[in-house]
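Spelled out, the chains give:
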There are 2 protein chains.
Amino acid sequence: MTVVKRIVGNPLIRADDITGRNESLEVIGAFNPGVTEFNGGVLLLLRVAERVKPNDKTVGVPIASDGEIKISEFQKSDKDWDFSDSRVITQRGGKKLLTSLSRLAVARSLDGARFELTGGGIFPETEYEEYGIEDPRITKIENKYYITYSAVSSKGICAVLRVTDNFIDFESRGVILCPDNKDAAIFPEKIGGRYYILHRPSGSEFSPPEIWLAESPDLACWGNHRHLMGVRRGRWDGVRIGSSSVPIKTDKGWLVLYHGADINNRYCLGAFLLDAERPWIVTGRTDKPFLEPELPYETDGFFGNVVFACGCVRSGDTLKIYYGAADDKVCRADVGLNDIFDAMR
Amino acid sequence: MTVVKRIVGNPLIRADDITGRNESLEVIGAFNPGVTEFNGGVLLLLRVAERVKPNDKTVGVPIASDGEIKISEFQKSDKDWDFSDSRVITQRGGKKLLTSLSRLAVARSLDGARFELTGGGIFPETEYEEYGIEDPRITKIENKYYITYSAVSSKGICAVLRVTDNFIDFESRGVILCPDNKDAAIFPEKIGGRYYILHRPSGSEFSPPEIWLAESPDLACWGNHRHLMGVRRGRWDGVRIGSSSVPIKTDKGWLVLYHGADINNRYCLGAFLLDAERPWIVTGRTDKPFLEPELPYETDGFFGNVVFACGCVRSGDTLKIYYGAADDKVCRADVGLNDIFDAMR
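Definitions and limits used
Residues numbered from 1 in each chain as written. Chains lettered and ligands numbered in written order. Predicted model: local features only at pLDDT ≥ 70, side-chain atom pairs only at ≥ 80, totals over all residues. Heavy atoms only, no water. Contact = heavy atoms within 4.5 Å. Buried area = accessible area lost by both parts, 1.4 Å probe. Salt bridge = Lys/Arg side-chain N within 4 Å of Asp/Glu carboxyl O. Polar contact = N/O pair within 3.5 Å; in protein donor to acceptor, adjacent residues only side chain to side chain. Phe/Tyr/Trp six-rings, centres within 6.5 Å; stacked < 30°, edge-to-face > 60°. Helix = DSSP H or I, 4+ residues; strand = E, 2+ residues; numbered from the N terminus. Buried < 20%, exposed > 50% of the residue type's maximum accessible area, 1.4 Å probe, protein only. Lys NZ or Arg CZ within 6 Å of the ring centre and 35° of its normal. Lys, Arg positive; Asp, Glu negative; His and termini not counted. pLDDT = per-residue confidence, 0-100. Least-squares fit on C-alpha atoms with pLDDT ≥ 70 in both. Pairing = 2+ DSSP bridges. Axes fitted to C-alpha atoms, helices over the stretch in contact; angles between N-to-C directions.

1. Observations regarding the interface of chain A and chain B
Right, so step 1: On the side of chain B, 41 residues touch chain A, which itself brings 41 residues to the contact.
Right, so step 2: Summing both sides of the interface, chain A and chain B together bury roughly 3,200 Å²; the carbon and sulfur share of this comes to 58%.
Right, so step 3: At the surface where chain A touches chain B, the tally comes to two salt bridges.
Right, so step 4: Put simply, chain A and chain B have 13 residue pairs in polar contact (both at pLDDT 80 or more) between them.

Structure (structure tokens):
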């Protein structure tokens, strides 16, 4: 039986803790943080979602363009568009737009529980980021931090790589995985002379969204894509899965947290284990999720019944998992490594 | 006005020219050939599609597994499956299977019109190829031939790379682009020290299937993906597009044939031009298609109203385009380079 301890201060960060980039915008979510240890503390790169303040007659769609946010207004009476889902608007016959725009904000903490926003972060810049940037994973390799995130635009959902050593300047290495792809997480060291990445292509005619592995000589170009792990139809991870953490080196192999969604879009957290030298071999997988949306801050929010992690910090034999709850808050839950291993078949 | 000359011998190869791999299979298509010059003649690597011989009560689905073809039978009376499209069967709630299995066969000709099948080729081998392999492009770089094709399986549609110098043995470099991706075509030389590829990701929530460019240090790993060219809604290339040839070096830049499909799934051929040194810049595009399905062998067949090329041979200022007609025959049409340039805006 896995024992997860949610910490007492949850939620650690809420939408209300952050102000919009300008007067016409409001922050509706602070969630799904990438995590790393940095300068003696914990650093989160959290997703901040903003939307145009609502009114009765129109829906505003914020789009990033040349470093600014442009707002397109759509009349709610326009029969050509479907406004029934608060997260997106969809045009009859195809076009889809997001009603919120996400950026990545830096928050820091010395105790791992009380966080302060630094004001910096990564903002949408390129044509691949016009609808926002989401769900970062942070991998430390030697003295640099490699950040992968999902970039959303009219070109699709891509994985983008940025590199930093100070979390102030973020050098872009461009689109590393073409659309649609999410949940890219780079391994923290080379294996057999090659870099490896977990990723999650989606939108296939023949396959649900599942976890793949690829390799690289240089972190920017990726090949030898291999299907790693599939959904389990009818179960908690039966509709889509994706890696939720950067792989963690343990004496049993590479431990990876992953999220699974069921037919009701309920997101839970599980884990799997990869062979240390041959990371294309799955050696273990939790049968049941070890973290499920149960508390009110997880079941209720912008999109309820979701726990979604993008990373964790290891402290001895404990993982401190920072996760998004209900797509609008940052929370933390701690779990012992041995409890996760025990839960694997 | 572009002048295309279909040659008199069309169709050059038909399904009837090829026998099935065993008694329970029949060849229903010989089409979409990759093309190269080889040993003083023209070599085609054509897609050969086979299906289980039909009967009244069941539909057989051929699946490649461990070098053999296994046949799964589905009762036509089974309400859990939809048999209305002759190309696929679809299970209620998701699973999709192809009713035909494609492989790639080698055909050779000295005059470029009368072809002989050598009996060799590329057969589905891996787990990524269980539903077949399709639509190859052949790029000659120095003394080797790099073949990209679409591999279809329950994991999705991937781009696979194989290398040969004799068209007898084909060394695999694995999946170079993850699902869903089609129409990968490698440039025949490095530009600024990097290899380049055209490709066509599909299945995005936010974008129709369009043409992208990526770069590589080694032909196996690809990055810096850039969106290159989009559809033109409402027109002949309004629903999906993909490159149809390996880029051809001309004094005006890289010339590429491409296919476009409209809302009725009618496939036509056009062309575009890329800057010689900066292949991410589109410098020209034909307004209208220069080859459309018009003759009976193009309008009628396994899937009618389709002309679909995977390559051509250049002879002086003429391109000899080998193309699939109605998804079941190989044909040839010749066009002058200057006629294509004249048709570009």
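2. Regarding the packing of aromatic side chains
Right, so step 1: Within the structure shown, the criterion is met by 28 aromatic pairs over all chains.
Right, so step 2: Ring geometry for Tyr145(A) against Phe167(A): centres 5.0 Å apart, planes inclined by 55°, an arrangement best described as tilted. With a gap of 22 residues between them, Tyr145(A) in strand E13 (residues 144-153) and Phe167(A) in the loop between strand E14 (156-164) and strand E15 (171-177) connect regions that are remote in the sequence.
Right, so step 3: By relative accessible area, which is 6% here, Tyr145(A) ends up buried.
Right, so step 4: Measuring from centroid to centroid gives 6.4 Å for Tyr196(B) and Trp280(B), while their planes differ by 35°, and the two rings are tilted. Highlighted residues: Tyr196(B) in strand E17 (residues 195-201) and Trp280(B) in the loop between strand E23 (267-274) and strand E24 (282-285), separated in sequence by 84 residues.
Right, so step 5: Cluster of aromatic residues (ring-pair linked, three or more members): Phe38(A), Tyr145(A), Phe167(A) and Phe170(A).
Right, so step 6: Stacked on the ring of Phe206(B), the Lys or Arg Lys96(A) has its end atom at 5.6 Å from the ring centre.
Right, so step 7: Lying across the ring of Phe341(A), Lys252(A) places its NZ or CZ 4.9 Å from the centre.

3. Side note on the side chain of Asp262(B)
Residues and elements named next belong to chain B.
Right, so step 1: On the secondary structure map, Asp 262 appears in the loop between strand E22 (253-261) and E23.
Right, so step 2: Comment: no salt bridge for buried Asp 262; closest opposite-charge side chain is Arg 266, at 5.2 Å.
Right, so step 3: A polar side-chain atom of Asp 262 sits 3.1 Å from the main-chain amide nitrogen of Arg 266.
Right, so step 4: Not counting chain neighbours up to four residues away, the residues in contact with Asp 262 comprise Arg 235, Trp 236 and Val 239.

4. Looking at the confidence of the model for chain A
When pLDDT is low, close inspection of the predicted coordinates is not appropriate.
Right, so step 1: Chain-level pLDDT for chain A is 96 on average; 99% of the residues reach the 70-or-more range.
Right, so step 2: In the predicted assembly, ipTM is 0.96 and pTM is 0.97.

5. Brief notes about the relation of the copies chain A and chain B
Right, so step 1: Overlaying chain A with chain B gives an RMSD of 0.0 Å, the required rotation being 180° about an axis along which the chain moves by 0.0 Å. Those values place the two copies in the arrangement expected of a two-fold rotation axis. For chain A, the residue whose C-alpha comes nearest the rotation axis is Gly203(A), separated from it by 2.2 Å.
Right, so step 2: Of all interface residues in chain A, 100% are interface residues in chain B too; the two copies therefore contact each other through one and the same surface.

6. A short note on the pattern of salt bridges
Residues and elements named next belong to chain A.
Right, so step 1: Under the defined criterion, the tally for this structure stands at 54 salt bridges over all chains.
Right, so step 2: A salt bridge links Asp 135 to Arg 47; the shortest N-O distance between them is 3.0 Å. With Asp 135 in strand E12 (residues 132-141) and Arg 47 in strand E4 (residues 41-52), this residue pair connects regions lying 88 residues apart in the sequence.
Right, so step 3: Classification of Arg 47 by relative accessible area gives buried; the value is 12%.
Right, so step 4: Residues joined by salt bridges that share partners form a network here, namely Arg 6, Glu 294 and Glu 298.

7. A word on the sheet that holds strand E17 (residues 195-201) of chain A
Right, so step 1: If you trace the eight strands from one edge of the open sheet to the other, you get E16(A)-E17(A)-E18(A)-E19(A)-E19(B)-E18(B)-E17(B)-E16(B), paired in antiparallel fashion. Among the strands making up the open sheet, the edge pair consists of strand E16 (181-186) of chain A together with strand E16 (181-186) of chain B. Within this sheet the neighbouring strands show an average axis-to-axis angle of 35°, counted without direction.

8. Considerations on the environment of Glu189(A)
Residue and element names in this part refer to chain A.
Right, so step 1: Within the element layout of this structure, Glu 189 appears in the loop between E16 and E17.
Right, so step 2: When the C-alpha atoms of Glu 189 and Lys 140 are compared, they prove to be 8.6 Å apart, with 49 residues separating the residues in sequence.
Right, so step 3: Leave out the neighbours within four places in its chain, and Glu 189 touches Lys 249 and Trp 254.
Right, so step 4: Side-chain polar atoms of Glu 189 contact the side chain of Lys 249, separated by 2.7 Å.

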